[in-house]
Amino acid sequence: MKILKNLSLLPYNTFKINALANEMVVIENDNELENLHLNQKPFLVLGGGSNILFTKNFDGIILKNEIKGKAIIDETEEEIALNIKSGENWHEIVMWSVENNWNGIENLALIPGTVGAAPVQNIGAYGVEIKDVLQYVRFYNFETRKFEQLNNSECQFGYRDSIFKRSLKNKIFITDIGIKLKKKNHHYKTDYGNIKDELKKQNISELSPRMIANIVIQIRKSKLPDPAEIGNAGSFFKNPEVSEEVLSKIKNQFPNVIYFPTNENRFKLAAGWMIEQCGLRGFEHKGAAVHTRQALVIINKQNATGESILELAQIIIEKVYQTFGVKLEPEVNIL
Ligand SMILES: Cc1cc2nc3c(=O)[nH]c(=O)nc-3n(C[C@H](O)[C@H](O)[C@H](O)COP(=O)(O)OP(=O)(O)OC[C@H]3O[C@@H](n4cnc5c(N)ncnc54)[C@H](O)[C@@H]3O)c2cc1C
């Protein structure tokens, strides 16, 4: 267990915010969690810092996740079950799966961050969410001081949501996830984003997980800013869900509104499109800006502070509310 004192969090968050922390404990294996005494201090489990906005210094202990390891735990002709330690890099696990021709997570290529954070907000992209392949999540519970495990349905997954953002928030450290992938008879999801168009353009008819992952990577690179170059945390807001009544009011004013039906007569609106309609594409505020290629992304254009990024987010929420009567909710964890 490595302990660092009085450090800048700038290298540890993709928004590149220079917040300070008094203490960081680097966790490299499960046993270290049992021996860790937090003495009632607030703590934050930190993976890649790609879904966090620090608006102030962190007054507590940062638990930096470096627990590595991956293993095949079961295999049949049809399927393969994997146990992955939470400090592994998510994209590298996707690449490992596509190299082995295992299907199921190829649409989730190039999502930054760690494996342990993936179930927290039930990461999703191009019609796939981690809940579609997830078998269990194992974690250390600092309240019970025990290792515990939840199966898929117990994780209460929703759109960018899970039990880990609700009743288990600030209580646990996820150490492992179990996923099951297909070795054959896989149904590829190509209906979302531009996947189908790209397949056509590139004349690809025989699908493989590698093909899909490559296309997803190309599309993402063309749309999203690379956090290594420009500070950002991906989509800042969730796509809001509205009733049929609210949708039809919006349709009257904006006949070309972008929406997708979800369950129970609810409709998901494209938050990026709504922000664009408010004329906010490229809008700047104290070094923070709305990304020009994807309005759902806020970037740290020039030495923005966490506070100014939050102010920009509030301006966006306000404008979208005035225009559409719909309140956007942040997807990013604001601290
Ligand atoms: C360019 C870009 C594109 C993105 N695209 C997508 C996308 O397509 N889909 C999507 O869903 N997300 C996307 N994201 C968001 C982000 O990549 C994911 O949310 C990712 O899972 C965060 O991983 P992380 O390790 O960086 O988590 P962190 O930012 O370090 O943590 C996020 C939250 O999870 C908690 N947490 C992290 N690890 C653990 C653990 N082991 N145990 C308990 N709690 C933990 C943290 O305390 C925090 O509350 C994108 C981000 C960027 C920068």
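Because the structure is a prediction, the values reported are computed rather than measured.

What counts and what doesn't
Residues numbered from 1 in each chain as written. Predicted model: local features only at pLDDT ≥ 70, side-chain atom pairs only at ≥ 80, totals over all residues. Heavy atoms only, no water. Near = heavy atom within 4 Å. Polar contact = N/O pair within 3.5 Å; in protein donor to acceptor, adjacent residues only side chain to side chain. Areas by Shrake-Rupley, 256 points an atom, 1.4 Å probe, with all protein chains shown as cover. Helix = DSSP H or I, 4+ residues; strand = E, 2+ residues; numbered from the N terminus. Nonpolar A, V, L, I, M, F, W, Y, C, P; charged D, E, K, R; others polar. Domains from an automatic or database assignment. Contact = heavy atoms within 4.5 Å. Buried area = accessible area lost by both parts, 1.4 Å probe. Phe/Tyr/Trp six-rings, centres within 6.5 Å; stacked < 30°, edge-to-face > 60°. Buried < 20%, exposed > 50% of the residue type's maximum accessible area, 1.4 Å probe, protein only. Lys NZ or Arg CZ within 6 Å of the ring centre and 35° of its normal. Pairing = 2+ DSSP bridges. Axes fitted to C-alpha atoms, helices over the stretch in contact; angles between N-to-C directions.

1. Some thoughts on the site of the ligand
Consideration 1: Near the ligand you find 34 residues, and of these Val45, Ser50, Pro112, Thr114 and Arg220 are the closest.
Consideration 2: One nitrogen or oxygen atom from the main chain of asparagine 51 is found 2.8 Å from an oxygen atom belonging to the ligand.
Consideration 3: Between the ligand and the protein, one listed contact pairs an oxygen atom with a side-chain N or O atom of threonine 114 at 2.6 Å.
Consideration 4: Burial of the ligand by the surrounding chains reaches 93%, relative to a free accessible area of 980 Å².
Consideration 5: Looking at the shell around the ligand, the elements that each hand over two or more residues are strand E3 (43–46), strand E8 (124–125), strand E12 (172–182) and strand E13 (231–235).
Consideration 6: Residue classes in the shell around the ligand are distributed as 16 nonpolar, 15 polar and three charged.

2. A look at the domain arrangement of the chain
Interfaces are often sized by the accessible area lost when the parts come together.
Consideration 1: Domain boundaries in the chain define domain 1 (2–65), domain 2 (70–203 + 211–219) and domain 3 (231–334).
Consideration 2: With 10 residues of domain 1 at the interface, the matching set in domain 3 holds 16 residues.
Consideration 3: Considering only the side of domain 1, the residues that lose the most area to domain 3 are Phe15, Asn51 and Leu53, jointly responsible for 58% of the buried surface there.
Consideration 4: Between domain 1 and domain 3 we count five residue pairs in polar contact (both at pLDDT 80 or more) in total.
Consideration 5: Considered class by class, the residues forming the side of domain 1 that touches domain 3 number five nonpolar, four polar and one charged.

3. A look at unusual backbone geometry
Consideration 1: Positive phi, normally seen in glycine, also occurs at asparagine 6, with a value near 45°.
Consideration 2: Position of asparagine 6 relative to the elements: it lies in strand E1 (residues 2–8).

4. Considerations on the packing of aromatic side chains
Consideration 1: Taken as a whole and judged by the stated rule, the model has 11 aromatic pairs.
Consideration 2: Summarising the aromatic geometry, the rings of phenylalanine 236 and phenylalanine 237 are spaced 5.1 Å apart at their centres and angled 65° between planes, so their arrangement reads as edge-to-face.
Consideration 3: Of the residues examined, phenylalanine 236 reaches a relative accessible area of 0% and is grouped as buried.
Consideration 4: Among the aromatic residues, those joined into a cluster by ring pairs are Phe43, Tyr140, Phe142 and Phe147.
Consideration 5: A cation over an aromatic ring shows up here: lysine 70 above the ring of tryptophan 96, its NZ or CZ 5.0 Å from the ring centre.
Consideration 6: Across the ring face of tyrosine 159, the terminal group of lysine 268 is positioned such that the distance to the ring centre comes to 3.6 Å.

5. Let's talk about the sheet that holds strand E19 (residues 297–300)
Consideration 1: The strand order E13-E19-E18-E17 describes an open sheet built from four strands, whose pairing is antiparallel. Both outer strands of the open sheet, E13 and strand E17 (284–285), are each paired with one neighbouring strand and no more.
Consideration 2: Note: strand E18 (residues 288–290) against E19, three bridges, orientation antiparallel. Each bridged residue has a counterpart across the sheet, and for alanine 288 the counterpart in E19 is asparagine 300.
Consideration 3: Of the strands in this sheet, E17, E18 and E19 touch helix H7 (residues 306–324), which is tilted by about 35° from E18.

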